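Descriptive structure summary
These are the residues of each chain, in order.
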Amino acid sequence: MNRNSFRLSIAVIFALSAAPLTAQRAPLPDSIVPPASADSAIVFAPVADQSAGEPFFTATDAWLGLGFAAGVVALAPLDLTLADALQDSTLQVHGVLRDFADGFRLLGFPGTVIVGGSMYAIGRVGGNDRLAAMGLHSTEAVVLSLGIVGTIKGLAGRARPARNPDDPFDMRFARGLTEGSDYRAFPSGHTAAAFAFAAAVTSEMRRHSPEASPWVGAALYTGAALVGVSRIYHNRHWASDVIGGAAIGTFSGLKVVHYHYRNPENPLDRWLLATMILPTTDGGLAIVWTAPMK
């Protein structure tokens with residue numbers, strides 16, 4: 001019984017997958033001429049998404065949202081069963097499993113922010129514009145997802161399994177704002193961060209390296225799913241909390257990347273990606289933009 005429930009919990013969470021997004025990257029515009037002293041520099045040139053005429057929210061978004069909502073509803077009656085399965089004493093005392101769960105918890109947060117920030121820094125220092133964009137956009141997606149999650153947590157007021165292990169429906173509006181972390185179970189922030197990072201990086205890969213994106217996406221989404229499993233294993237979340245976090249994270253990652261490529265002159269990209277400080281021939285420094293400031 002316990003083993004079957006454990007397998008079911010793994011299978012359900014591993015069923016999450018990415019929605020496709022495609023686009024192309026344009027070359028540096030002819031109107032942008034770097035200074036003579038830095039003619040070998042690589043300057044990020046964001047490109048407007050080819051789908052710029054479509055609405056911000058699409059039918060794909062609606063289906064994705066419905067799918068995750070159905071997952072939350074479907075798992076809610078199984079929350080107790082899945083929690084009991086992962087709280088089985090034989091699993092809880094297993095040292096290797098506990099180490100893995102601890103590692104994936106840290107990978108969800110703060111790991112996603114650390115990795116995203118490092119990608120951005122390395123890309124900027126090394127002149128790798130694509131890596132810098134991937135790092136910046138994935139970090140933005142994580143921050144956005146955590147902002148959404150934090151708001152919902154406070155309003156939903158759902159008790160964590162460790163607080164009330166017998167009642168997964170122990171919820172009261174706005175209780176999470178006044179009674180602390182024990183009543184901020186729904187949705188899972190670590191899971192949301194992991195899926196936001198996975199969705200953003202996979203979206204970037206589909207634009208720049210479509211042949212590699214399926215492999216990268218499979219690895220990232222598998223890692224994100226394991227972050228969710230770790231939160232149930234640690235008795236911090238119900239399974240439906242994890243599905244809710246995965247939904248918010250996936251949506252955040254896809255939308256952040258989509259927004260930036262539809263709006264290449266947005267302030268963050270202009271200042272953090274489309275700029276470079278370069279030396280001038282007279283010994284000074286100049287800030288180079290790939291798009292006019294407005």
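Refer to the preceding data block for the structure.
My aim in this report is to walk through the structure given alongside it, one point at a time. Bear in mind the structure is a predicted one, so any value in this text is a computation, not a measurement.

Parameters and conventions
Residues numbered from 1 in each chain as written. Predicted model: local features only at pLDDT ≥ 70, side-chain atom pairs only at ≥ 80, totals over all residues. Heavy atoms only, no water. Helix = DSSP H or I, 4+ residues; strand = E, 2+ residues; numbered from the N terminus. Buried < 20%, exposed > 50% of the residue type's maximum accessible area, 1.4 Å probe, protein only. Contact = heavy atoms within 4.5 Å. Areas by Shrake-Rupley, 256 points an atom, 1.4 Å probe, with all protein chains shown as cover. Axes fitted to C-alpha atoms, helices over the stretch in contact; angles between N-to-C directions. Parallel < 35°, antiparallel > 145°, perpendicular 65-115°, else oblique. Nonpolar A, V, L, I, M, F, W, Y, C, P; charged D, E, K, R; others polar. Left-handed = near helix turned anticlockwise from the far one by under 90°. Salt bridge = Lys/Arg side-chain N within 4 Å of Asp/Glu carboxyl O. Core = buried A, V, L, I, M, F, W, Y, C linked by side-chain atoms within 4.5 Å. Arc of directions from axis to C-beta. Patch = residues over 30% accessible without salt bridge, like charges linked within 9 Å, V, L, I, M, F, W, Y side chains within 5 Å.

**Comments concerning the overall build of the protein chain**
A tally of regular secondary structure across the protein chain gives 11 helices and two strands. Each helix (α) and strand (β) of the protein chain, taken in turn from the N terminus, gives the series α-α-α-α-α-α-α-α-α-α-α-β-β. Taking all 294 residues of the protein chain together, the buried fraction comes to 48%. Long-range contacts, defined as pairs at least 24 residues apart, comprise 74% of the intrachain contacts of the protein chain with a sequence gap of at least 6. Of the accessible surface of the protein chain, which amounts to about 13,900 Å², a share of 66% is contributed by carbon and sulfur atoms.

**Some words on the packing of helix α3 (residues 79–86) against helix α9 (residues 213–233)**
Interhelical geometry of α3 versus α9 gives an angle of 85 degrees and a closest axis separation of 9 Å. Relative to α9, the element α3 lies roughly perpendicular. Every residue of α9 that contacts α3 at Leu 82, Ala 83 and Leu 86 is listed here: Val 229, Ile 232 and Tyr 233. Its residues placed into classes, the contact of α3 with α9 shows six nonpolar, no polar and no charged.

**Points about the packing of helix α2 (residues 59–75) against helix α10 (residues 239–262)**
Two numbers describe how α2 lies on α10: the axes approach to 8 Å, and their chain directions differ by 170 degrees. Judged by the angle between their axes, α2 and α10 are roughly antiparallel. In this structure, α2 meets α10 at a crossing whose hand is right-handed. On α10, the residues touching Asp 61, Leu 64, Phe 68, Gly 71, Val 72 and Leu 75 of α2 are Ala 239, Ser 240, Ile 243, Gly 244, Ala 246, Ala 247, Thr 250, Phe 251, Leu 254 and Lys 255. Across the contact of α2 with α10, the residue classes break down as 10 nonpolar, four polar and two charged.

**Observations concerning the pattern of salt bridges**
This structure, assessed with the given rule, holds five salt bridges. Salt-bridge contacts for Arg 175 lead to Asp 170; the nearest nitrogen and oxygen are separated by 2.9 Å. Across the pair, exposure class does not vary: Arg 175 and Asp 170 are buried alike. Several salt bridges share partner residues, and in doing so they unite Asp 79, Arg 158 and Asp 241 into one network.

**As for the environment of Ala 159**
As for its placement among the helices and strands, Ala 159 is situated in the loop between α6 (129–156) and α7 (175–178). With relative accessibility at 0%, the residue Ala 159 sits in the buried group. Distance from Ala 159 to Tyr 183, taken between C-alpha atoms, is 4.2 Å for residues 24 residues apart in sequence. Not counting residues up to four positions away in its chain, the partners in contact with Ala 159 are Asn 164, Asp 170, Arg 175, Asp 182, Tyr 183, Ala 185 and Trp 238.

**Quick look at unusual backbone geometry**
Note the cis peptide between Phe 109 and Pro 110, where omega equals 15 degrees. By the element assignment, Pro 110 lies in helix α5 (residues 95–126). With an omega dihedral of -5 degrees, the bond running from Phe 186 to Pro 187 counts as a cis peptide bond. Secondary-structure assignment places Pro 187 in the loop between α7 and α8 (189–208). The phi torsion at Ala 174 lies on the positive side, around 70 degrees, for a residue other than glycine. With respect to the secondary-structure elements, Ala 174 resides in the loop between α6 and α7.

**So, the nonpolar core**
Phe 68, Leu 75, Leu 86, Phe 195, Tyr 221, Ile 232 and Ala 239 are the most contacted members of the largest nonpolar core, which has 24 residues in total. If you list the elements that add at least two residues to this core, you get α2, α3, α5, α8, α9 and α10. The next biggest cluster of nonpolar side chains, apart from the first, holds 17 residues, and it includes Met 119, Ala 193, Phe 197 and Leu 273.

**Some words on α3**
All of the buried residues along α3 are Asp 79, Leu 82, Ala 83, Ala 85 and Leu 86. An end-on view of α3 places all buried positions within 160 degrees of arc, on one side of the element.

**Details of the environment of Ile 248**
On the secondary structure map, Ile 248 appears in helix α10. Sequence-distant contacts of Ile 248, that is, excluding residues within four places in its chain, are made with Ser 145, Ile 148, Val 149, Ile 152 and Pro 187.

**Regarding a nonpolar patch on the surface**
On the surface, a nonpolar cluster with roughly 340 Å² of combined accessible area is contributed by Leu 155, Phe 173 and Leu 177. Turning to its location among the elements, Leu 155 is positioned in helix α6. Its relative accessible area of 36% is what places Leu 155 among the partly exposed residues.

**Topic: the environment of Gly 103**
Topologically, Gly 103 is positioned in helix α5. Residues Gly 103 and Leu 226, 123 residues apart in the sequence, show an inter-C-alpha distance of 9.9 Å.

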